[in-house]
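Given next are the chains, with one letter for each unit.
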Amino acid sequence: MANIVFDYAVIGAGLIGSAAAKYISEINPNTILIGPTEPKNKKSHEGIFSSHYDEGRITRISDITFEWAYLAKKSIENYKTIEKKSGIKFYNEVGTLSVGTKDYYDDLIEASKEIHFEYLTQENFNIHNNYEYINLPKNSKFIFETKNSGHISARNLVQAQKNIFKSNKGEYVNDFVIDINKSQDIYILKTNNKSTILAKQVLICAGGFTGFTNILNIELPIEVKGRTILLGEIKNQYISELKKYPSIIHNPKDSEHTYCLPAITYPNGKTYIKIGWSHFINITSYEEAISWFKGEINSREHTGLSNELSTIYDKNIFNSFESDTCVVTLTKTKYPIIDEIEKDIFVSVGGNGHAAKSSDYIGYISAKYFTTGQWDQNLDRSLFTLKSNNLAT
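These lines cover the structure that appears in this document, whether it is placed above or below. (Residues numbered from 1 in each chain as written. Predicted model: local features only at pLDDT ≥ 70, side-chain atom pairs only at ≥ 80, totals over all residues. Heavy atoms only, no water.)

## Concerning the pattern of salt bridges
(1) Moving on: Enumeration according to the criterion identifies 15 salt bridges in this entry.
(2) Moving on: Ionic pairing is found between Asp7 and Lys200, a salt bridge with its closest N-O pair at 3.2 Å. With Asp7 in strand β1 (residues 5–11) and Lys200 in strand β12 (residues 196–204), the pair connects residues that are 193 residues apart, well separated along the chain.
(3) Moving on: Across the pair Lys147 and Glu118 runs a salt bridge, and its minimum N-O distance is 3.8 Å. Taken as a pair, Lys147 in the loop between β7 (141–145) and β8 (150–152) and Glu118 in the loop between α4 (102–111) and β6 (120–121) lie far apart in primary sequence, 29 residues in all.
(4) Moving on: Linked by salt bridges that have partners in common, Glu38, Glu55 and Arg155 make up one network. (Salt bridge = Lys/Arg side-chain N within 4 Å of Asp/Glu carboxyl O. Helix = DSSP H or I, 4+ residues; strand = E, 2+ residues; numbered from the N terminus.)

Structure below.
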């Protein structure tokens, strides 16, 4: 492979990287995607991790910001096409219930005027009559998106994008890059398995590990946060019914914001309802990130999450609880940094906890900007630049 010069190299084969590589390979198959597959055993794994090793991520159009609603809508519109082209199912349209204060409700309704989506409210839909095991807090308001919403399997979406990329004759390497150098106009990428890859242009989509592997000459203005999630195992007699339930986002006034996935069967054969919240821990190094993914850093959030889950769902449906971890990459503008950071090296990084559902279109605009310099004029370019993130407080 050291004798082949690729026109484009994409580093990072997660949600954004796999989507970007797919779109690049549609116009130029002389593209290589580099990123490790999911480890079989997290505890013994010594390399890079990713947060897409997951069966349940909420998808919806509704958002209080135009940009995230737009990115989600454009991505969701393409789900069925991705499933058909790849032969992999990853999307379950069970709906999403957004619950919270009147202010949160009003903000979502106002946002729907710019990016239209269909919804029901408590004025024309009774949640408890339709979903008897869900308990909504008193005095909360909700909007219920019944279409173009629900949940996706992040791991299946990544595999679907990679399948399409490979069908476009793109080259995939199951490895990760540890060093980047340049000779004349060619970038020399060294991988963990001692491979050498040559490319004219490089797009880095390495998520939370982007700043931890020393492949960049600059420090990006991003923060990596560890998030604890809780999985409540469902008793067998409730599984069939609870798989029909919607995803839930809960934004109360004076406590943690939470998200909750309905019953989903995981690769271990067990069926869980998953919950996470807006509390994070700081992760500042490669070693800390590895330890967090392995569960070696103690998290004290198990009790709080199990209590919260038992207030949303009837506690009698659960057999047991177990915790897991992921990371979120935050930027100052709250949108991905999609920019050229030095000549012919670009980044697309910073999902800000919103990227899974929107990753296909984030990959598309990243690929477009990377290969042509063109930008979607519906999106404020300044929100996605390195300069804006460096200037933001």
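## Observations regarding the nonpolar core
(1) Moving on: One finds Leu71, Phe90, Leu203 and Phe384 to be the most contacted residues of the largest nonpolar core, which totals 63 residues.
(2) Moving on: Among the elements that make up this core, the one with the highest residue count is helix α10 (residues 355–372) (eight residues).
(3) Moving on: Each residue touching Leu71, except ones within four places of it in the same chain, is listed here: Ser358, Tyr361, Ile362, Ile365, Leu379 and Phe384.
(4) Moving on: Ile127, Leu242, Cys260 and Phe318 belong to the second largest nonpolar core, which has 27 residues in total. (Core = buried A, V, L, I, M, F, W, Y, C linked by side-chain atoms within 4.5 Å. Buried < 20%, exposed > 50% of the residue type's maximum accessible area, 1.4 Å probe, protein only. Contact = heavy atoms within 4.5 Å.)

## Some details on unusual backbone geometry
(1) Moving on: Residues other than glycine seldom take positive phi values, yet Asn148 does so here, at roughly 55°.
(2) Moving on: Mapped onto the secondary structure, Asn148 falls in the loop between β7 and β8.
(3) Moving on: Relative accessible area serves as the criterion here: at 36%, Asn148 is assigned to the partly exposed category.
(4) Moving on: One non-glycine residue, Gln184, adopts positive backbone phi at about 55°.
(5) Moving on: On the secondary structure map, Gln184 appears in the loop between β10 (177–183) and β11 (186–191).

## Side note on the sheet that holds β8
(1) Moving on: Read across the open sheet, the three strands follow the order β3-β8-β4; overall the sheet is antiparallel. Of all the strands in the sheet, just β3 (57–59) and β4 (91–92) have a single pairing partner and so form its edges.
(2) Moving on: Where β4 and β8 come together, two bridges link them in antiparallel fashion. Its bridge partner being in β8, Asn92 is matched across the sheet by His151. (Pairing = 2+ DSSP bridges.)

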